[in-house]
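The lines below spell out each chain.
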Amino acid sequence: MKTLLIALALTAASSAFAAGDTQEATPYTNSKAQAHGEEHKQARPATGAKKTKDGSTARGEGSGVQDTSKSEARGQDKANEREAKPHKETSPGTTPK
């Protein structure tokens, strides 16, 4: 039992030591790709902050402003059409629809 615990402790310690110098732990900061990306970032035009419609969120949720997409509007229209159709009254012994 004691040797099993020692073996587990050594395995955990060795894996923690080995993971210390991976590329994710210490990324390269002076590579050609990094420099190229930084050049592109500096060349991008600066844009201002996105204005909100009512101060709550970027899309204006919570303001009571109706903002439905075409697909949402079409789905609601189809639901309204279904409700407008006359429904058959269920009689005893049948499955209701």
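Residues numbered from 1 in each chain as written. Predicted model: local features only at pLDDT ≥ 70, side-chain atom pairs only at ≥ 80, totals over all residues. Heavy atoms only, no water.

Describing the overall build of the protein
- Tallying secondary structure elements over the protein gives three helices and zero strands in all.
- Written out in order from the N terminus, the α and β elements of the protein read α-α-α.
- Split into buried and exposed, the 97 residues of the protein put 1% on the buried side.
- Total accessible area computed for the protein in this model is approximately 9,400 Å², and 57% of it derives from carbon and sulfur atoms. (Helix = DSSP H or I, 4+ residues; strand = E, 2+ residues; numbered from the N terminus. Buried < 20%, exposed > 50% of the residue type's maximum accessible area, 1.4 Å probe, protein only. Areas by Shrake-Rupley, 256 points an atom, 1.4 Å probe, with all protein chains shown as cover.)

Quick word on the pattern of salt bridges
- What the rule picks out here adds up to one salt bridge.
- Here Lys41 and Glu38 are joined by a salt bridge, their closest N and O atoms 3.4 Å apart. Placement of the pair is Lys41 and Glu38 together in helix 2 (residues 32-43), with a separation of three residues, close to one helical turn. (Salt bridge = Lys/Arg side-chain N within 4 Å of Asp/Glu carboxyl O.)

Remarks on a positive patch on the surface
- A surface patch of positive charge is lined by Arg74, Lys78, Arg82 and Lys85.
- Topologically, Lys78 is positioned in helix 3 (residues 70-84).
- Given the relative accessible area of 39%, Lys78 is considered partly exposed. (Patch = residues over 30% accessible without salt bridge, like charges linked within 9 Å, V, L, I, M, F, W, Y side chains within 5 Å. Lys, Arg positive; Asp, Glu negative; His and termini not counted. Charge placed at Lys NZ, Arg CZ, Asp CG, Glu CD.)

Structural notes on the confidence of the model for the protein
- When pLDDT is averaged along the protein, the result is 76; 65% of the residues meet or exceed 70.
- Per-element averaging of pLDDT across the protein places helix 1 (residues 2-18) at the bottom with 76 and helix 3 at the top with 92. (pLDDT = per-residue confidence, 0-100.)

Some details on a nonpolar patch on the surface
- A contiguous nonpolar surface patch, about 470 Å² in accessible area, is contributed by Met1, Leu4, Leu5 and Leu8.
- Mapped onto the elements, Leu8 comes out in helix 1.
- Given the relative accessible area of 52%, Leu8 is considered exposed.

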